[in-house]
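# Working through the structure, step by step
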Amino acid sequence: MEMDRTKPLFAEKCLAGRVAFVTGGGSGIGLGISHAIAAAGAKVVVASRKKEKIEAARDEIRATSGEAIAIQLDVRDYESVSQAVAQTVAEFGGLDVMIANAAGNFVAPSAEMSANAWRTVIDIDLNGTFHCCRAAYSALKASEHGGRIIAISTMRALEGWPGCAHAGAAKAGIMSLMRSLATEWGPDGIRCNTVAPGPIDGTEGVRRIYEEKGRLATEIASVPLGRLGQVSDIANAILYLAGPGGDYITGTDLVVDGGRDRKRVIVAQNAPTVA
Ligand code: HXC
Ligand code: NAP
């Protein structure tokens, strides 16, 4: 039985008084996250390269969910990330939650992938995530709620990702980075985790990696719960980690994939399975 998505899962305004920064917050999963945390009372910064996209998201959030500003940046450029964090602190008075969601990916067999294609994805996903963490460190350390870094990864990274070796390596790197920072920055009160989505309905990721390649049905068949995830499934995981639910959680991955990764492990071990 499907759950009733109209029921609130968290206390109303559970993020009131917090400021959250969402890279790639103007589309797909990031846009859903931005809406959810604004509706929960956080002030939201929507940040990415395309001005028209983040301004449209900002206006949509202001009209329906809560408070938001848009800041243009390229996560590959440390200075632009650093300036965006400074602008956030100047306009909103601080920063409590950094959500490193921006990413680039495309299917490219490694034997045909150019060095620049490899570098581009590593630069956006892995270097971009480090830039966000590093630029936000001082502000997160000063957070009265305990700072949060939540990076979006995927368990595909840990199984090897044929056809997307660049993104697989970058996301595995992000998972390692969160574990390192959890230990280094725990004494500063900063919680560092990943949220690891499975395939999420209606997103650019699913369009590029599965739909365009005619692999969507196969992918859905590999999910024990028998469906794609919804953007709201990921937004709920973020609300949990960004708010009081995440107070004592650091250095781990919150896997939101309908059991896809568990099924992979069982198949790999050749253990009996019902599906
Ligand atoms: C092979 C490609 C390619 C493709 C780009 N390149 N697309 N190679 N197949 N489809 C190569 C280019 O030829 C170039 O190499 C190099 O990559 C850089 O390309 P640019 O177009 O100059 O890069 P840029 O303008 O910086 O754009 C970055 C991008 C783009 C990643 C290439 O697609 C983008 O902006 N993506 C953001 C949105 C996105 O990807 N969303 C999906 C996220 S899904 P040469 O050698 O020619 O110079 C995700 C996980 C999904 O992350 C998981 C599903 C379960
Ligand atoms: P998406 O809509 O394409 O989101 C990617 C966002 O990143 C875009 O808003 C893009 O905005 C931004 N971005 C890309 N390059 C950037 C850069 N250099 N600097 C700043 N911003 C940049 O795709 P999505 O499918 O929702 O993916 C969101 C996240 O979820 C990614 O981390 C992805 O790896 C992860 N994920 C997705 C799925 C899925 O099923 N979709 C599954 C697992 C993990 P601009 O173009 O304006 O810069």
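This text gives an overview of the structure that appears in the document. Residue positions are counted from 1 within each chain, in the order its sequence is given. Chains and ligands are labelled sequentially in the order written, the chains with letters from A and the ligands with numbers from 1. In keeping with the model being predicted, local features are shown solely for residues with a pLDDT of at least 70 and side-chain atom pairs are shown and tallied solely at 80 or more, while totals for entire chains, interfaces and linings include all residues. As a rule here, side-chain values cover all heavy atoms of the structure and leave hydrogens and water aside.

## A word on the site of ligand 2
Around ligand 2 sit 28 residues in total, of which Ser-27, Ser-48, Arg-49, Asn-101 and Thr-203 are the nearest. Measuring from an oxygen atom of ligand 2, one finds a side-chain N or O atom of Ser-27 at 2.8 Å. A 3.5 Å cut-off defines polar contacts: any pair of N or O atoms within that distance qualifies, except that in protein one atom must be a possible hydrogen donor and the other a possible acceptor, and neighbouring residues in sequence count only when both atoms are side-chain atoms. The backbone of Gly-205 places a nitrogen or oxygen atom 3.1 Å from an oxygen atom of ligand 2. To be clear on the numbers: accessible area is Shrake-Rupley with a 1.4 Å probe, and residue cover counts the displayed protein chains and nothing else. For ligand 2, whose accessible area on its own is 870 Å², the fraction buried by protein is 91%. Residues are said to line a cavity or pocket when one of their atoms sits within 4 Å of a point; the points come from a 1 Å grid over protein atoms alone, cavities being sets where a 1.4 Å probe fits but cannot get out and pockets being open sets with protein on both sides within 12 Å along at least five of seven lines. More than half of a molecule's atoms lying within 2 Å of a cavity's or pocket's grid points is what places that molecule inside it. With respect to the pocket detection grid, ligand 2 is positioned in the largest pocket. For the purposes of this entry, the term helix denotes a DSSP run of H or I that reaches at least four residues, the term strand denotes a run of E that reaches at least two, and both are numbered from the N terminus. Ranked by residue count, the leading element in the shell around ligand 2 is helix α7 (residues 204-211), at 3 residues. When residues are sorted by character, Ala, Val, Leu, Ile, Met, Phe, Trp, Tyr, Cys and Pro go into the nonpolar class, Asp, Glu, Lys and Arg into the charged class, and all the rest, Gly among them, into the polar class. Its residues placed into classes, the shell around ligand 2 shows 11 nonpolar, 10 polar and 7 charged. The cutoff for a nearby residue is simple: one of its non-hydrogen atoms must lie within 4 Å of the molecule or strand.

## Structural notes on the packing of helix α1 (residues 28-39) against helix α9 (residues 231-242)
Working note: a packed helix pair is described by the angle between its axes plus the distance between those axes. Closest axis-to-axis distance for the α1/α9 pair is 9 Å, and the angle between their directions is 50 degrees. As the angle between them shows, α1 and α9 are arranged oblique. As for how α1 packs across α9, the hand of that crossing is right-handed. In this structure, α1 uses Gly-28, Ile-29, Gly-32, Ile-33, Ala-36 and Ile-37 to contact α9, whose residues at the interface are Val-231, Ile-234, Ala-235, Ile-238 and Leu-239. A class-by-class count of the residues in the contact of α1 with α9 yields 9 nonpolar, 2 polar and no charged. Working convention: axes come from line fits to C-alpha atoms, limited for helices to the stretch in contact. Angles between N-to-C directions cover 0 to 180 degrees. Angles are sorted into four bins: roughly parallel if under 35 degrees, roughly antiparallel if over 145, roughly perpendicular if 65 to 115, and oblique for all others. Crossing handedness is read from the near helix: turned anticlockwise from the far helix by less than a right angle, it gives a left-handed crossing, and turned clockwise, a right-handed one. Pairs of residues are marked as contacts when any of their non-hydrogen atoms sit within 4.5 Å.

## Remarks on the packing of helix α4 (residues 115-141) against helix α6 (residues 165-185)
Here α4 crosses α6 at 15 degrees, and the two axes come no closer than 8 Å. Relative to α6, the element α4 is oriented roughly parallel. The two elements α4 and α6 meet at a crossing, and its hand is right-handed. Together, Ala-117, Trp-118, Val-121, Ile-122, Asp-125, Leu-126, Thr-129, Phe-130, Cys-133, Arg-134 and Tyr-137 of α4 and Ala-165, His-166, Ala-167, Ala-169, Ala-170, Lys-171, Gly-173, Ile-174, Leu-177, Met-178, Leu-181 and Trp-185 of α6 make up the contact between the two elements. Here the residues of the contact of α4 with α6 are counted per class, giving 17 nonpolar, 3 polar and 3 charged.

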